[in-house]
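# Residue-level structure breakdown
One-letter residues, chain by chain:
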Amino acid sequence: MKPVAVAFGAHEHAPPLRWTRDLAKALGAPLRVLSVVAPTSAEAPPEYFEELDEQRRTQIASDLSEAGINDAEIVLMNEHKPLGAVAAYANEHDLAACIVGSPQEGGLGEGNPANYLLHHTHIPIAMVGNEYEPLDGGVFVVGVEATGTVSPALRMASDLASATGGSLHAVHAYESISEDEAERFREMEASLSSQVSVPLQFVPLAGHPAGVVIDHAEEAGAAAIVIGTRGSGGFLGLRLGRVPSQLLNHAACPVIVVPHSDDAA
């Protein structure tokens, strides 16, 4: 089974361990904790740096125990470019998903860590702040296209809802509605519902894709937003479209971005 990893930088930036624990449990995956800090430039004997690493490992083990996690693998990395190191690790170890904190809370350097990893890996990336709803019994909001086909993002949202006893809300953004559109929406709902493993609530909303997804997620108290890297305003030539970027920058709840099958190849 591919592992799920949570990556963070300096220890004062607490990682979302409980959320990651619940995601790994829902996916049936082992958990790894990646602690990445810049190496110190101080001149000291090797024993000094070994002691620093041991102190870091002890603190992480304590945090894991407090979060009810007793079977995670701790990976310590000392790298000048933390995000590059996380991306390289994710690609080398074929992770099922990687979780990072927000730009303010993740401690992995400047910029948006999730955006960076999505451009340099081919796996689902989740960004989680310090405040979030439990995954168990939660609402999973997924953005869907007008095709009525099941995307990797919808499939993952369905799997998570099934594993956690949660519910699935499929949000579709539109500009205007007509009688023909209303009939198409009914067909989309029937098609999507027949292809997922949990009851699906189809939610067509007028407005910009990112805006309607964020608004519905807030109204529903979503445990997570799940979105793909293609469609809903994205460009075929880019791995990460506008809508996923906007969700990562503005959504209050955790956001999971799932690569399109072409991107993950």
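Note: the structure precedes this text.
Right, let's walk through the structure included here. Predicted, not measured: the structure shown is a model, and the values here were computed from it. (Residues numbered from 1 in each chain as written. Predicted model: local features only at pLDDT ≥ 70, side-chain atom pairs only at ≥ 80, totals over all residues. Heavy atoms only, no water.)

Moving on, we get to the sheet that holds strand 5 (residues 125-127). Strand order in the open sheet made by the 10 strands is 3-2-1-4-5-10-9-6-7-8, with mixed pairing throughout. Either end of the sheet is taken by a strand with one partner, and the two such strands are strand 3 (73-78) and strand 8 (200-206). The mean angle between the axes of side-by-side strands here comes to 20 degrees, regardless of whether they run parallel or antiparallel. Against the sheet, helix 6 (residues 179-193) makes contact with strand 7 (167-174) and strand 8, and its axis sits at roughly 150 degrees relative to strand 8, the strand it touches most. Those strands touched by helix 7 (residues 209-220) are strand 6 (139-143), strand 7, strand 8 and strand 9 (224-228), and its axis lies near 150 degrees from that of strand 7. (Pairing = 2+ DSSP bridges. Helix = DSSP H or I, 4+ residues; strand = E, 2+ residues; numbered from the N terminus. Axes fitted to C-alpha atoms, helices over the stretch in contact; angles between N-to-C directions. Contact = heavy atoms within 4.5 Å.)

On to the layout of surface pockets. Taken as a whole, the largest pocket holds about 440 Å³ of empty space. If you go around the largest pocket, you meet 19 residues; those closest to its centre are Lys-2, Ala-96, Pro-124, Met-156 and Val-258. Among the elements of the structure, helix 3 (82-93) and helix 5 (152-164) are those that each provide at least two residues to the lining of the largest pocket. Broken down by class, the residue content of the lining of the largest pocket amounts to 13 nonpolar, two polar and four charged. (1 Å grid on protein atoms, 1.4 Å probe; cavity = no way out; pocket = protein on both sides within 12 Å on 5 of 7 lines; lining within 4 Å. Points joined across faces, edges and corners; volume = space filled by probe spheres on them. Nonpolar A, V, L, I, M, F, W, Y, C, P; charged D, E, K, R; others polar.)

Attention now moves to the packing of helix 1 (residues 17-27) against helix 5. Where helix 1 meets helix 5, the axes come as close as 9 Å, and the angle between the chain directions of the two elements is 95 degrees. By the angle class used here, helix 1 and helix 5 are roughly perpendicular. Residues Leu-23, Ala-26 and Leu-27 of helix 1 touch helix 5, and the partners they reach there are Met-156, Leu-160, Ala-163 and Thr-164. Taken together, the residues of the contact of helix 1 with helix 5 break down into six nonpolar, one polar and no charged. (Parallel < 35°, antiparallel > 145°, perpendicular 65-115°, else oblique.)

The biggest cluster of nonpolar side chains holds 47 residues, and the ones touching the most others in it are Trp-19, Val-142, Leu-154, Leu-168 and Ile-256. If you tally residues by element for this core, the top one is helix 5, at six residues. Setting aside residues up to four positions removed in sequence, Val-142 forms contacts with Ala-153, Leu-154, Ala-157, Leu-168, His-169, Ala-170, Val-171 and Val-226. Formed by 41 residues, the second largest nonpolar core is a distinct cluster that contains Ala-5, Leu-83, Val-86 and Leu-247. (Core = buried A, V, L, I, M, F, W, Y, C linked by side-chain atoms within 4.5 Å. Buried < 20%, exposed > 50% of the residue type's maximum accessible area, 1.4 Å probe, protein only.)

Distances and angles like these do not, on their own, reveal function.
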